[in-house]
Amino acid sequence: VAGNLDVFQGDILKLQPAVLLGDESTAYKVVANLPYYITSAVIRHFLEASLKPRLMVFMVQREVAEAITVEPGRMSLLSTSVQFYGKPEIAGYAPAGCFYPAPEVDSAVLKIDVYHRPAVAVDDTGSFFRMVRAGFTASRKQIVNSLALGLGLPKNEVMLLLEEAGIISRRRAETLALEEWRRLWQVLKEKRKC
């Protein structure tokens with residue numbers, strides 16, 4: 001084994017980078033061909049780790065890569081979460097015909113440059129993401145209805161909170177940019193609603 005390579009065997013979702021690497025200042029990269037059914041869990045595991053990688057490169061299902069790299073208008077909880085922590089981009093495609101035997105789906109190489117600090121400043125990521133999850137509670141519904149349902153608040157109260165954050169209540173969660181989520185979280189935090 002090369003001097004700059006250590007091999008660890010185990011469940012990737014249970015291994016903690018800070019424990020493996022032993023030094024909070026260690027810079028590292030993650031490169032993997034993931035089992036597609038755990039893509040979201042693995043990405044979240046590294047982005048939420050106390051010691052985050054500088055860069056992640058994964059072979060993932062094409063539709064997942066495209067869903068992660070979208071802009072406001074087509075956002076999801078997954079794309080919002082990834083873009084909070086890093087800049088995702090599709091580095092290339094691998095059609096099903098590139099493999100033998102050919103899988104049923106096309107693949108893509110997803111590259112995520114992890115930010116030194118999150119894209120927007122929040123001092124409590126737990127409450128921030130509880131609010132974002134609440135916003136995506138009822139897909140395809142107006143943000144006011146999703147938040148009322150997800151946060152357990154009266155609709156008229158949520159309308160006032162959205163207004164204070166400068167967000168039109170008829171919009172849908174997938175249209176909100178990270179900065180708009182941050183403004184809404186700040187209003188909710190000040191009103192002690194999250």
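All values reported here derive from a predicted model rather than from experimental measurement.

Definitions and cut-offs
- Along each chain, numbering runs from 1 in the same order as the chain's sequence is written.
- Only residues with pLDDT of at least 70 are given local features in this predicted model, and only at 80 or more are side-chain atom pairs given and counted; all residues enter the totals for whole chains, interfaces and linings.
- Derived side-chain values reflect all non-hydrogen atoms in the structure, with water molecules and hydrogen atoms excluded from consideration.
- Secondary structure counts use DSSP, requiring at least four H or I residues in a row for a helix and at least two E residues in a row for a strand, with both numbered from the N terminus.
- Think of it in three bands: with a 1.4 Å probe and only protein chains considered, a residue is buried below 20% of the maximum accessible area for its type, exposed above 50%, and partly exposed in between.
- Exposure was quantified through the Shrake-Rupley algorithm and a 1.4 Å probe, taking into account, for residues, occlusion by the shown protein chains and nothing else.
- His residues and chain termini do not enter the charge count, which takes Lys and Arg as positive and Asp and Glu as negative.
- Charge positions come from single atoms, namely NZ of Lys, CZ of Arg, CG of Asp or CD of Glu.
- Should any heavy atoms of two residues lie within 4.5 Å, those residues are counted as being in contact.
- Whenever a nitrogen or oxygen atom comes within 3.5 Å of another N or O atom, the pair is scored as a polar contact, on the condition that within protein one atom can donate a hydrogen and the other can accept it, and that pairs from neighbouring residues in sequence are kept only if both atoms are in side chains.

### Quick notes on the overall build of the protein
So, step 1. Scanning the protein for helices and strands turns up eight helices and four strands.
So, step 2. In terms of overall dimensions, the protein has C-alpha extents of about 60 × 40 × 25 Å along its principal axes.
So, step 3. Here the protein, with 194 residues, has 38% of them falling under the buried criterion.
So, step 4. Within the structure as shown, the protein displays about 11200 Å² of accessible surface, and the carbon and sulfur contribution to it stands at 51%.
So, step 5. Of the charged side chains in the protein, 24 are positive and 21 negative, and the gap between their average positions amounts to 5 Å.

### Things to note about the environment of Leu188
So, step 1. Relative to the elements of secondary structure, Leu188 occurs in helix α8 (residues 178-190).
So, step 2. Judged by relative accessible area, which is 1%, Leu188 ranks as buried.
So, step 3. Separated by 124 residues in the primary sequence, Leu188 and Val64 have C-alpha atoms spaced 31 Å apart.

### Describing the side chain of Glu174
So, step 1. The topology assignment puts Glu174 in the loop between α7 (155-165) and α8.
So, step 2. For Glu174, a relative accessible area of 12% translates into the label buried.
So, step 3. Those residues in contact with Glu174, other than ones at most four positions away along the chain, are Pro72, Gly73, Arg74, Met75, Phe136 and Arg140.

### Quick look at helix α5 (residues 125-135)
So, step 1. Every buried residue belonging to α5 is among Ser127, Phe128, Phe129, Met131, Val132, Ala134 and Gly135, and all of these are buried.
So, step 2. Looking at the packing, one finds that the buried side of α5 touches α4 (77-85), α6 (143-151) and α8.
So, step 3. A distance of 3.1 Å separates the backbone nitrogen of Gly126 from a side-chain oxygen at the start of α5, and that oxygen is part of Asp124.

Purely spatial values, then, with no claim about function.
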